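Inside the fold
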Amino acid sequence: MTRIDRPVRPRRIRFGPRSSRTVAVASALVITLTACSADGGSGHRPGKPAKPAPVWHTDPGSIAALGDSITVGFDACTLLSDCPQVSWATGTDPKVDSLARRLVKRPATHSWNFARTGALMRDLPDQITAAVARRPELVTVLIGANDACRRDVGAMTPKAAFRADFARSMKRLRKALPHTQVYVAAVPDLLRLWSEGRKNPLGKQVWKLGICGSMLRDPDDLTKAAQDRRAAVREQVVAYNSALAEVCGKDPLCRFDKSVFDYRFSGRELSTWDWFHPGARGQKELAALAFRTVTRARP
């Protein structure tokens, strides 16, 4: 007769008091090791001091100015001409009292202006390259108005391209000068400048020469289409400033100054040649805004 074997049943493991304690100890060990691993992921080793954060110095010994027509004083002295002596950043005119005059002991030999009339954000990397050769302790940046001031709204620099060019500029600067401080001024409120400048008949005649067509074209046209066009330009400027603030905010030695956008320029601060660019008074106000931001103990 054939023998039929019974199936073997798996043995049940019973945990007694000792086995429970073993599991608890093992669990606690896993948790402890996990916590240590998470802490060690920061790269800080016990006994090794953490790297100190960069210190912002309120008394830089040299300045390099980058940007566009505003920083070279375009139309501040004569029609359709640069006037760098009244530049808010590096000007020599005591009536303006530029940032360089306020901060640098020897501004004549320790401040440089690499801004160019008509410059766009895509031109900033080349200005950075020129500035790097001087090894300034502070770099000022005021650029972006021309990216919005095009012949029409459709020709404005796309926001993504604007941000990418600024980020590339900052990366180039940091690679060459890791300890140089950067002051970034916001793009001014172009709608405010249109609102003030259009009050002057002479200014509106100069605008017909082609200055900032996207904003200033047909200055007395108050139809919805014209208002929408100007609003679109202003929205683009706001987007540019957001990009500047975002990129600058990632750098501990960069300060973004939104007050330049918020400042309520009046006809007194505008050029008496085109009623759009800052005149000498406007340049002085820009210098004062920059000085407050650069010399502030904390951003």
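Refer to the structure presented above.
Residues numbered from 1 in each chain as written. Predicted model: local features only at pLDDT ≥ 70, side-chain atom pairs only at ≥ 80, totals over all residues. Heavy atoms only, no water.

Here we look at the side chain of serine 62
- Here serine 62 shows up in the loop between helix H1 (17-40) and strand S1 (63-67).
- A relative accessible area of 5% means that serine 62 is categorised as buried.
- Side-chain polar atoms of serine 62 contact the backbone nitrogen of glutamate 137, separated by 3.0 Å.
- The residues touching serine 62, leaving out its near neighbours within four places in the chain, are Val104, His110, Trp112, Arg135, Pro136, Glu137 and Leu138. (Helix = DSSP H or I, 4+ residues; strand = E, 2+ residues; numbered from the N terminus. Buried < 20%, exposed > 50% of the residue type's maximum accessible area, 1.4 Å probe, protein only. Polar contact = N/O pair within 3.5 Å; in protein donor to acceptor, adjacent residues only side chain to side chain. Contact = heavy atoms within 4.5 Å.)

Digging into helix H6 (residues 159-176)
- The terminal C-alpha atoms of H6 lie 26 Å apart, and with 18 residues this matches the ideal 26 Å at 1.5 Å per residue to within 8%.
- Taken together, the buried positions of H6 are Phe162, Asp165, Phe166, Ser169, Met170, Leu173 and Arg174. (Expected span 1.5 Å × (residues − 1).)

A look at the layout of surface pockets
- Estimates place the volume of the largest pocket at around 310 Å³.
- If you go around the largest pocket, you meet 22 residues; those closest to its centre are Ser69, Asn146, Ile211, Phe276 and His277.
- For the lining of the largest pocket, the secondary-structure elements that each account for two or more residues are helix H5 (145-148) and helix H7 (190-197).
- In terms of residue class, the lining of the largest pocket is made up of 13 nonpolar, seven polar and two charged. (1 Å grid on protein atoms, 1.4 Å probe; cavity = no way out; pocket = protein on both sides within 12 Å on 5 of 7 lines; lining within 4 Å. Points joined across faces, edges and corners; volume = space filled by probe spheres on them. Nonpolar A, V, L, I, M, F, W, Y, C, P; charged D, E, K, R; others polar.)

A closer look at the packing of aromatic side chains
- By the definition in use, this model includes three aromatic pairs.
- Where phenylalanine 162 meets tyrosine 240, the ring centres are 4.0 Å apart and the plane angle is 10°; that geometry is what we call stacked. Here phenylalanine 162 is found in helix H6, whereas its partner tyrosine 240 is found in helix H10 (residues 224-249), with 78 residues between them in sequence. Across the pair, exposure class does not vary: phenylalanine 162 and tyrosine 240 are buried alike.
- Here arginine 102 stacks its cationic end above the ring of phenylalanine 291, 5.7 Å away from the centre of that ring. (Phe/Tyr/Trp six-rings, centres within 6.5 Å; stacked < 30°, edge-to-face > 60°. Lys NZ or Arg CZ within 6 Å of the ring centre and 35° of its normal.)

With respect to the packing of H7 against H10
- Across the interface, H7 lies against H10 with an axial gap of 8 Å and an inter-helix angle of 135°. By the angle between their directions, the pair H7 and H10 is classed as oblique. Residue-level contacts link Leu190, Leu191 and Trp194 of H7 to Gln227, Arg230, Val233, Arg234 and Val237 of H10.
- Counted by class, the contact of H7 with H10 contains five nonpolar, one polar and two charged residues. (Axes fitted to C-alpha atoms, helices over the stretch in contact; angles between N-to-C directions. Parallel < 35°, antiparallel > 145°, perpendicular 65-115°, else oblique.)

Function-wise, these values are silent; they only describe arrangement.
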